[in-house]
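A closer look at the structure
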Amino acid sequence: MNILNEIEYKSVSEIKGSLIYKFYSAAFPLRNEVLYKNWRWIYRTSFNNLEPIVAIHKNKIIGHAGLISNKLSFNNYFFNGIWFVDFFILPEFRNIGVGKILTKKWMALEDFHLTFCNKKSLQVFKTFNWIESNNYFKSCKIINPLKWIPFFNSLDDNIINKLNFFRLFNKPIYSQNLDIIKLSENTNMLINIINNQNFGLVNNQSGIKILRDKRWLEWRICESPFIKNYYLFLINNSYSIVSLVTVNKKRKLNIIFSNYENSNFELLLNQSIVSWSIKNNVDIVWLSVNKLKNKNNTHKIFKKNFHLTFACNSKNSLISNEVLKNISNIQGVDSDTDILSYNNN
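All figures in this text were calculated on a predicted structure; none of them were measured in a lab.

Some words on the nonpolar core
Among soluble globular proteins, nonpolar side chains are generally buried collectively. In terms of nonpolar packing, the biggest core is built from 78 residues, with Tyr24, Leu72, Trp106, Leu114, Leu324 and Ile327 touching the most fellow members. Counting residues per element, this core draws most heavily on strand 4 (residues 77-89), at eight residues. In this structure Trp106 touches Ile53, Ala65, Gly66, Leu67, Ile82, Trp83, Phe84, His113, Leu114 and Trp130, once residues within four positions along its chain are discounted. Core analysis: the second largest hydrophobic core is formed by 20 residues, Phe233, Leu269, Ile278 and Ile301 among them.

Description of the pattern of salt bridges
This structure, assessed with the given rule, holds six salt bridges. One salt bridge in this structure joins Asp283 and Lys147, with 2.8 Å as the shortest N-O distance. In this pair, Asp283 sits in the loop between helix 8 (263-279) and strand 12 (284-286) while Lys147 sits in the loop between strand 6 (131-142) and helix 5 (157-163), placing the two residues 136 residues apart along the sequence. Residue Asp283 shares its accessibility class with Lys147, and that shared class is buried. One salt-bridge network, in which partners are shared between bridges, spans Lys147, Asp157 and Asp283.

Section: the pairing of strand 9 (residues 230-235)
Along strand 9, five of the six residues are buried, which leaves the element largely enclosed by surrounding structure. In this sheet, strand 9 lies alongside strand 7 (residues 178-182) in antiparallel orientation, the contact comprising five bridges. Within strand 9, the residue paired with Lys182 across the bridge is Tyr231. Judged from the six bridges that link them, strand 9 and strand 10 (residues 238-247) form a sheet pairing that is antiparallel. Within strand 10, the position partnered with Phe233 by the bridge is Ser240. Hairpin geometry of strand 9 and strand 10 is characterised by an intervening segment of two residues between the two adjacent antiparallel strands and by a positive phi of about 55 degrees at Asn236.

Structural notes on the packing of aromatic side chains
In this structure the tally under the stated criterion is 25 aromatic pairs. Seen from their ring centres, Trp41 and Trp219 are 5.8 Å apart, and the 35 degrees between their planes marks the pair as tilted. Note that Trp41 is positioned in helix 2 (residues 32-42) and Trp219 in helix 7 (residues 214-222), a separation of 178 residues in sequence. Taking the centre distance of 4.8 Å and the plane angle of 45 degrees together, the rings of Tyr136 and Phe310 count as tilted. Pair noted here: Tyr136 is in strand 6 and Phe310 is in strand 14 (residues 304-314), with a separation of 174 residues, a long-range link.

Brief notes about helix 7
For an α-helix, 3.6 residues make a turn, and residues three or four places apart therefore share a direction. Inspection of helix 7 places Trp216, Leu217, Trp219, Arg220 and Ile221 among the buried residues, and these make up the whole buried set. For helix 7, the angular spread of buried residues about the axis comes to 165 degrees, placing them on one side.

Rules and cut-offs
- Residues numbered from 1 in each chain as written.
- Predicted model: local features only at pLDDT ≥ 70, side-chain atom pairs only at ≥ 80, totals over all residues.
- Heavy atoms only, no water.
- Core = buried A, V, L, I, M, F, W, Y, C linked by side-chain atoms within 4.5 Å.
- Buried < 20%, exposed > 50% of the residue type's maximum accessible area, 1.4 Å probe, protein only.
- Helix = DSSP H or I, 4+ residues; strand = E, 2+ residues; numbered from the N terminus.
- Contact = heavy atoms within 4.5 Å.
- Salt bridge = Lys/Arg side-chain N within 4 Å of Asp/Glu carboxyl O.
- Pairing = 2+ DSSP bridges.
- Phe/Tyr/Trp six-rings, centres within 6.5 Å; stacked < 30°, edge-to-face > 60°.
- Arc of directions from axis to C-beta.

The following block contains the structure:
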């Protein structure tokens, strides 16, 4: 019998927890615990009740196609789309067609499909007429390069921080109006942001974009199981929401979402975040995902760039693939951008 005929495809909620945990441990060992405990939030099932799809063979999960539902905006029309994440087929079941079937079932959930992916996944997507773009990247600023040198791994953190020569060459730049708020201790501030008429300034970009509205912010920040790690950097009506975590002796600050009044505030806010990070022994700061054409003075601060392979597909004639591949406002698109360090929390 053809093995493909023995495989079933179901939503995650239809599967026993023990099978899900076993698969996540094999497929995503660096974040298996956090995925298992928080998959409903991570995959944003509350938006329209869509869930990851799994492939099952003889009571064993062998494949997984995760998703994050998003609302898209184009020419004053709104559409539902899904961001494809955590696509994985167990090695012993690859190259027999499971990936293609799983992708086809996943694509049937919505008309618009988006993802950052590796070359292997891209090969599968291209069989379904997806197109790719290399116009997206993530940037970071390494503040303490000593943390990436194996020789220093055995030293105490306090000693490494004192030896960090980088701090000597960085003049702190702060705005006098800068407020730094731990969000888990001041939810009222976040509620004020949600209710602030200025929320969504970044949504005023032309062309197709992912909508970052109040409903998105409530899910991504207010309902996050990791809000204890979130801080708000605020200057007037411009702000950044960041997560701060420590893993493998490295203190990492990830900028999840930012909203700026103008380019001057963008530069000032990011300079302030870096200055605060230097003072507070943060080892690396990650900027949100961005597009190459949007490079500006901020990226003079975040000089280390990593190109991402973006792929997309549209089944709706109102928006072509060529239009979709230029989508903007993708910051904060993956709920797992700041949870890679949260395993076993």
